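# Geometric and topological summary
So the chains spell out like this:
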Amino acid sequence: GALVAALLAVDDIAAAAAAVEELDRVAAELDSTYLRAVATESDGALLHARGEPDAAVAVLRTAWRAWQALGAPYESARVRLRIARACHESGDDEAAAVELEDARATFAQLGAAPALAQAEAMVGRSEEVRPGGLTPRELEVVRYLATGATNREIADALVISEKTVARHLSNTYMKLDVGSRAAATAWAYEHGVV
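What counts, and where the lines are drawn
Residues numbered from 1 in each chain as written. Predicted model: local features only at pLDDT ≥ 70, side-chain atom pairs only at ≥ 80, totals over all residues. Heavy atoms only, no water. Helix = DSSP H or I, 4+ residues; strand = E, 2+ residues; numbered from the N terminus. Contact = heavy atoms within 4.5 Å. Axes fitted to C-alpha atoms, helices over the stretch in contact; angles between N-to-C directions. Parallel < 35°, antiparallel > 145°, perpendicular 65-115°, else oblique. Nonpolar A, V, L, I, M, F, W, Y, C, P; charged D, E, K, R; others polar. Expected span 1.5 Å × (residues − 1). Buried < 20%, exposed > 50% of the residue type's maximum accessible area, 1.4 Å probe, protein only. Arc of directions from axis to C-beta. Left-handed = near helix turned anticlockwise from the far one by under 90°. Salt bridge = Lys/Arg side-chain N within 4 Å of Asp/Glu carboxyl O.

## Some remarks on the side chain of Glu138
Within the secondary structure layout, Glu138 lies in helix α8 (residues 136-146). Not counting the four nearest positions on each side in its chain, Glu138 is found in contact with Gly133, His168, Asn171, Thr172 and Lys175.

## Topic: the packing of α8 against helix α11 (residues 181-190)
Axis separation between α8 and α11 bottoms out at 9 Å; the angle between their running directions is 105°. The orientation of α8 relative to α11 falls into the category roughly perpendicular. Listed contacts from α11 to Val142, Leu145 and Ala146 of α8 are Arg181, Ala184, Thr185, Ala188 and Tyr189. Grouping the amino acids of the contact of α8 with α11 by side-chain chemistry returns six nonpolar, one polar and one charged.

## Digging into helix α2 (residues 13-30)
Look at α2: 25 Å from first C-alpha to last across 18 residues, which is about the 26 Å you get at 1.5 Å a residue. Taken residue by residue, α2 has Ala16, Ala17, Ala19, Val20, Leu23 and Ala27 as its buried positions. One side of α2 holds all its buried residues, which, seen down the axis, span an arc of 165°. For α2, exposure combined with an orientation more than 90 degrees from the buried face picks out Ala14, Glu21, Ala28 and Glu29. Where α2 is buried, its residues touch α1 (2-9) and α3 (33-49). Asp31 sits one or two positions beyond α2 and adopts a positive phi of about 50°.

## Here we look at the packing of α8 against helix α9 (residues 151-158)
Viewed as axis vectors pointing N to C, α8 and α9 meet at an angle of 130°, and their least axial separation amounts to 10 Å. In terms of orientation, α8 and α9 fall into the oblique class. In this structure, the crossing between α8 and α9 has a hand that is right-handed. Every residue of α9 that contacts α8 at Arg137, Glu140, Val141, Tyr144 and Leu145 is listed here: Ile154, Ala157 and Leu158.

## Observations concerning the environment of Lys163
Locating Lys163 in the fold gives a position in helix α10 (residues 162-176). Since its relative accessible area comes to 66%, Lys163 is described here as exposed. For Lys163 and Asn151, which are twelve residues apart along the polypeptide, the C-alpha to C-alpha distance reads 8.7 Å.

## Considering the pattern of salt bridges
Side chains that carry opposite charge are capable of pairing whenever their charged atoms lie near each other. Across all of its chains, the model carries twelve salt bridges by this definition. Note that Glu120 and Arg104 form a salt bridge whose closest N and O atoms lie 3.2 Å from each other. On the criterion of sequence distance, the pair formed by Glu120 in helix α7 (residues 113-127) and Arg104 in helix α6 (residues 93-110) is long-range, its members being 16 residues apart. For Arg152, the salt bridge identified is with Glu162, shortest N-O distance 2.8 Å. Taken together, the residues Arg152 in helix α9 and Glu162 in helix α10 connect sequence positions ten residues apart. Residue classification places Arg152 among the partly exposed positions, given a relative accessible area of 37%. We classify Glu162 as partly exposed; its relative accessible area is 35%. Each of Arg61, Arg80, Glu99 and Asp102 takes part in a single network of salt bridges with overlapping partners.

Read these as spatial facts, not as claims about activity.
Shown next as structure tokens:
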């Protein structure tokens, strides 16, 4: 599970898919409830990373039920954060808010300060008005872009790959109907994004 998370964090989807396949196989062979929960969560994370938020939500809800059955509140709440992200990306902000609030409450009850801070940051982003129809991550990229940061600097600041930064910029240019970094920067200043 940790390997899948690490590979997804660096946008190595192919290697993550291979790791998920191996994890699924091992979980089936050992018939372990714990490993099935880890494998199902990894399956959902992979679907989300592949840009399939609706499918990810369905699989992640199965993972959440598995963690609940195991009596693992921290893992359950962590999966609910994933569900909230996927719901938000699929346009179901109401479900995302419910999942996020439940995750926050669990982290607070457990005293899991770093996870609670992550959930609190997500609340702030989800309540933010997003001009231009940009996703929260695209807005972050545009903000860095407007400061004159290079793709490498943006990637380092956001702890993502340069390839992911390029993909976000491409999506942003298309949504804003601009064709250059300078035009995107001008748009950011005109719309108070910076």
